Structures are given as C-alpha cells and as structure tokens.
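# Observations on chain architecture
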Amino acid sequence: MLFPTSLVGSYPQPEWLIDRVKLSKQVPRVRVDDLWLVAPDKLEAAQDDATVLAIRDQERAGLDIISDGEQRRESYSNRFATALDGIDIENPGTVINRSGKPIPVPRVIGPIKRRHAVELRDLKVLRANTDRQIKATVPGPFTMGKQAQDDYYKDEEAVALAYAEAVNAEIKDLFAAGADVVQIDEPWMQQHPDKARQYGLKALDRALDGVTGTVAVHLCFGYAAVVHDKPSGYSFLSELEGSKAQQVSIEAAQPKLDLKALRELPSKTIILGVIDLADKAVETPQVVADRIRRALAHIPADRVVVAPDCGMKYLPRAVAFGKMNAMAEGAAVVRRELAGK
C-alpha cells in the first residue's frame, strides 16, 4: 500500500498516569519517578492499560503501523539508557542540552552492557493487542553517548560503540518477538554533525550488525514543545544514505523543510513528517495531502511513509488524536489520486 501511516513513536500519556504539567517542562535523561501518578505496585498494570488505549486510538484514527505510544517512558531515551550496567543513575552527571542548558544525565562509571532485554515485554504487549504491523523504538547509541557523562572510557567514540552493542542486542530481541519495524532515535546527530560524521555512523552500523529486519533512523531538530526556532535544512542527513538502515524519519512540516534534501537519500524509504507539532490546531486532510504531494516532486510514492514530525507526547490527547486522523485521511486522499491516474 502506498503511504502507510505511523507515529514516530510516542503518543500522549493519560492525565491519570503521569503528571503531564511537570512532564511538559522537561525531557528527562535520568529517571524521574515522581512523574508517575500511580503507586509503584500498580504502575505496570496502569501502563499496560494506557498502552492498550494508545493502540486503540491509533487504530481508530486509521494508522497502518502501530506503536505502543511509549506509554512506559518518561522520555524517548531514559528508559533504555538507565537500564544498562556501567551506568550510575543515583549520582548523575551533567551535559549541555540542545537548548544550551545544563541537565542531569546518566554517568558512565564502568563497561556499558545490557543486563537484560529492556523493551521486550513492551513489544509483546503491543503484539498481543493489534493485528496490524507494529513498530518499536529504541534510543540510538550516538545520542545516548551525547546524553551521558563519561567517567570511565574517556573516549566518546568508545562510549557510543559500547552503547551500540547494547542497542544491537535489544533490536535483535525486538525483531525476534514480532516487530515489523524498529526505529532508532538519533536526534543528536543533527545537533553534533561533525561528531556524527566522525564516529556516529560507525556506531549506528555497529548497532545494526547482523540485524535482518526493517530499521528506521529518526532525525529531528528537537521536540516542538522545547525547540521553537528550527532551521529549514538538516546539518546531517545525506550521510545516512551509506548506513545500513532502510528508512530515514525526518521532520518537514514545522520547519518547512526544503524537500530537495530527500534527493540525497536515493535508496532510502522516507518517513515524512507531515504534522506540525508546534501548532495545536488540527491540520485538515487537504493540508496533509498537500505536504505529501510536495515530497513527490523529489521521491517516488512507493518510498514514502507518512508520519508526524516527531513524537506526539507533549500534545493534548484530543489534539494528537485529531492530527493522527487527519494524517490518515490526507494519505488516503493522495493514494486515491494516484490510483485514479
């Protein structure tokens, strides 16, 4: 089917599950347990319930590839990054974030190793609750390395490669459990393009060594709730043409991306961001269709997956649902147009 639709990963968590006001002020890198509004002994069951709600919303909106909405996560990266050996989360370190502010981050104090599968149960709950194709998301090794204070390796490339080994094992487990697509989130490649060229691609390919399923890499300029002024072009994108990933996820709607950049990825399927997450107004299907049509001037229709710019977790739930629905309807409009030619 042309223009399959999917979330980038996250969907807003319910008000009864997480303190959304407190969450709106941060993108946690370490664990922030006091965000959760449910008692620890009931939290997993509550997260399961929220996951089923997220799945049903995606199905009702008409999405083709379903995620778990990342309902168990305080951020896209910290659930996985803080579950590894070699990481001190009780005594965090500090790095400068994408907005230029110091933030607490995991501190690397020993060899980074995955002690157990982190997201495997999440994937199994997702697989058991939908008959549609499913997608899992994992943080990328380059981004996790940039979101940590290294007090052990003293070598940022070595840190990224160690994270890559952990990600590699996780991805293989996710595909074995039934994932159709696994997405690696690497937004900090855009923030640090020189370092990404120096060793980021090497770490990415290490994470994909021996992986046989469909892998997407997500690049963005940061959550719309956090980063307001975005460039109209990527500082790091064409380099992914040489990576092992089959799909590249980009944000195009809010930054009004110059879509000529898509020509720099001639072998990749593009997960095209067509939903502006900075705008609380719900797009019409016609606006979405027009954003898809613009991309078709640069890449063929059979290499386009339709998605929001980034994760939707900071949007009000009603707005997120409306935008998903418009996204599915807009994709259907262009699909019908091409079928009629």
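Structural data are supplied above this passage.
Keep in mind it's a predicted model, so treat the numbers as computed, not measured. (Residues numbered from 1 in each chain as written. Predicted model: local features only at pLDDT ≥ 70, side-chain atom pairs only at ≥ 80, totals over all residues. Heavy atoms only, no water.)

## A closer look at the sheet that holds strand E7 (residues 214-218)
- The sheet built from seven strands is open, its strands ordered E1-E4-E6-E7-E8-E9-E10 with parallel pairing. This sheet does not close on itself; its edge strands, each paired only once, are strand E1 (65-66) and strand E10 (304-307).
- Where strand E4 (residues 133-139) and strand E6 (residues 181-185) come together, five bridges link them in parallel fashion. Counted as the bridge partner of Val138 is Ile184 from E6.
- On top of the sheet, helix H6 (residues 156-176) reaches E4, E6 and E7; it is set at about 170° to E4, its chief contact. (Pairing = 2+ DSSP bridges. Helix = DSSP H or I, 4+ residues; strand = E, 2+ residues; numbered from the N terminus. Contact = heavy atoms within 4.5 Å. Axes fitted to C-alpha atoms, helices over the stretch in contact; angles between N-to-C directions.)

## Here we look at the pattern of salt bridges
- Tallied over the entire structure, the rule returns 32 salt bridges.
- Between Arg121 and Asp48 there is a salt bridge; the shortest N-O distance is 2.7 Å. One end of the pair, Arg121, is in helix H4 (residues 120-128); the other, Asp48, is in helix H2 (residues 40-61), with 73 residues separating them in the sequence.
- By relative accessible area, Arg121 is classed as partly exposed at 36%.
- Asp48 sits in the buried class, given a relative accessible area of 17%.
- With a closest N to O distance of 2.8 Å, Glu170 and Arg114 form a salt bridge. (Salt bridge = Lys/Arg side-chain N within 4 Å of Asp/Glu carboxyl O. Buried < 20%, exposed > 50% of the residue type's maximum accessible area, 1.4 Å probe, protein only.)

## A closer look at the nonpolar core
- Counting 103 residues, the largest nonpolar core has Tyr163, Ile171, Ile250 and Leu272 as its most contacted members.
- Sort the elements by how many residues they give to this core and H6 lands first, with eleven residues.
- Leave out the neighbours within four places in its chain, and Ile171 touches Val138, Val182, Ile184, Ala207, Leu208 and Val211.
- With six residues, the next largest nonpolar core counts Val8, Ile271, Val305 and Ala307 among its residues. (Core = buried A, V, L, I, M, F, W, Y, C linked by side-chain atoms within 4.5 Å.)

## Things to note about the sheet that holds strand E2 (residues 85-96)
- The three strands lie next to each other as E2-E3-E5, forming an open sheet whose pairing is mixed. Of all strands in the sheet, those bounded by a partner on one side alone are E2 and strand E5 (149-150).
- Sheet topology note: the E2/strand E3 (residues 102-113) ladder contains seven bridges and is antiparallel. Across the sheet, the residue bridging to Asp88 is Arg107, located in E3.
- Contacting E2, E3 and E5, H6 crosses the sheet at an angle of about 70° to E3.

## A short note on the environment of Ile292
- Note on placement: Ile292 falls in helix H9 (residues 285-295).
- Remark: the alpha-carbon pair of Ile292 and Gln190, spanning 102 residues in sequence, is separated by 23 Å.
- Excluding anything up to four places from it in sequence, Ile292 contacts Phe3, Leu272, Val274, Val306, Gly330, Ala331 and Val334.

## Observations concerning the pairing of E6
- The buried count for E6 comes to five of five residues, which makes it a mostly enclosed element.
- Neither face of E6 is open: one carries Val181, Gln183 and Asp185, the other Val182 and Ile184, and all of them are buried.
- As defined by bridge partners, E6 adjoins E7 across five bridges and the pair is classed as parallel. By the bridge assignment for E7, Val181 is matched with Thr214.

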